[in-house]
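# Observations on the model geometry
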Amino acid sequence: MSVVAVAILFFTHLLQVAQVSHGLNIEVRDPQMFQNGAEQFGSRVWHFDSSDGKWIIVSEPHKKQSPNDRCGGIFKCINGRAECQSIKFPECTKHNVDLVFLVDSSGSLRNADFINSKSFIIDIMKNMSSTSIQFAAVQFSSDVRTEFNFSRYQAIRDPEKLLTNMQHMMLSTNTHKALNYTIGNLLYNTQYGAKEKATKVLLIITDGDSTDFDKDYDYVTKRLDEKHVIRYAIGVGSVNIKNLKSLASEPKDSNTFYVNDYKGLRRILDNMQDRIYNVEVMERKTEMSENRKMGSAK
Ligand SMILES: [Mg+2]
């Protein structure tokens, strides 16, 4: 007997119980059948009995209602009705997050530093590959260059392959030019796979003060604030903390990180990943709270 058959048999038995039972009594003389045809339909069943009537909730773990669905299919089956109604819980849906790594590739980094920086973002992507977060990477020095966009990440999903051609640029540190480039060309660009309703996150890794601070791009961080882009700023070595904080979003103290050298990035890996996971949870809670407010305002 296949697993599927067992599941359906189990389900059928429970439905028979649901139809005719009072409390825990079992009656099989007049069963009502609910069928869905899916592989795992009925893997779990919950009984409800209220002033509104009796019904059962049936799960179908393999069915995804959306690509980010974490609960699978959930159905409400009411006595006397042939078909079960699919229901959706907001708790089941992960919030979309578009995250761009902004990597300092200036000449003040040794080649080993640059490699450590690359390894750090590779580790984050590998450890978070099963989440709904989609990544992109930009490196900056005098110029700015997209190493891979969101579409390419979705197509390949192998961090090492995606960063194969990332070469150390070795010139100045145009951080604000890079921020401006990212917001204008990548973060909201649906042609490159950006999702319209995703929460936007920048993770900036730099070893020093930007060479274009307060020159041509002093409006950039304000623009990012207005768009509620979450920014984590990681400073390495002899970086000016005040300038580093100016890159981070509020609360700046907790969104700014400092390590002595590029090897130290490994020590903040877990903390950084927790922060990124929390973005997804935080946004999901906000969304649920907003939905509740809208529901109560009706
Ligand atoms: Mg530099």
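These lines cover the structure that appears in this document, whether it is placed above or below.

## Things to note about the overall build of the protein
A count of helical and extended segments in the protein gives nine helices and 10 strands. Residue burial in the protein is summarised as follows: out of 298 residues, 47% are buried. Here the contacts in the protein between residues at least 6 apart in sequence split such that 65% fall between residues at least 24 apart.

## Re the pairing of strand β7 (residues 144-148)
Here strand β6 (residues 133-140) runs beside β7; their pairing, made up of four bridges, is antiparallel. When the bridges of β7 are listed, Gln139 appears paired with Arg145. Linking two consecutive strands that pair antiparallel, namely β6 and β7, is a turn of three residues.

## Some details on the coordination of the magnesium ion
Six octahedrally arranged donors around a metal ideally form angles of 90 or 180 degrees; four tetrahedrally arranged donors ideally form angles of 109.5 degrees. Around the magnesium ion, the protein contributes the donor atoms Ser106 (OG), Ser108 (OG) and Thr173 (OG1), which lie 2.3 to 2.4 Å from the metal centre. The sequence pattern describing where the donors of the magnesium ion fall on their chain is S-x1-S-x64-T. Within this pair, whereas Ser108 is found in the loop between β5 (97-104) and α2 (111-127), its partner Thr173 is found in the loop between α4 (159-162) and α5 (175-185), the two being separated by 65 residues in sequence.

## Section: empty space enclosed by the protein
Vacant regions in the atomic arrangement are exposed by a probe of water-molecule size rolled over the atoms. All told, the structure shown has two cavities of 30 Å³ or more when counted by the stated rule. Computed from the structure, the second largest cavity encloses a volume of approximately 50 Å³. If you go around the second largest cavity, the residues you meet are His176, Thr206, Gly208, Asp209, Ser210, Val239, Asn243, Leu244 and Leu247. Considering every element that reaches the lining of the second largest cavity, the biggest residue donor is helix α7 (residues 241-247), with three residues. When grouped by side-chain class, the residues that make up the lining of the second largest cavity number three nonpolar, five polar and one charged.

Basis of the calculations
Residues numbered from 1 in each chain as written. Predicted model: local features only at pLDDT ≥ 70, side-chain atom pairs only at ≥ 80, totals over all residues. Heavy atoms only, no water. Helix = DSSP H or I, 4+ residues; strand = E, 2+ residues; numbered from the N terminus. Buried < 20%, exposed > 50% of the residue type's maximum accessible area, 1.4 Å probe, protein only. Contact = heavy atoms within 4.5 Å. Pairing = 2+ DSSP bridges. Donors = N, O, S within 2.8 Å, 3.2 Å for Na, K, Ca; no water. 1 Å grid on protein atoms, 1.4 Å probe; cavity = no way out; pocket = protein on both sides within 12 Å on 5 of 7 lines; lining within 4 Å. Points joined across faces, edges and corners; volume = space filled by probe spheres on them. Nonpolar A, V, L, I, M, F, W, Y, C, P; charged D, E, K, R; others polar.

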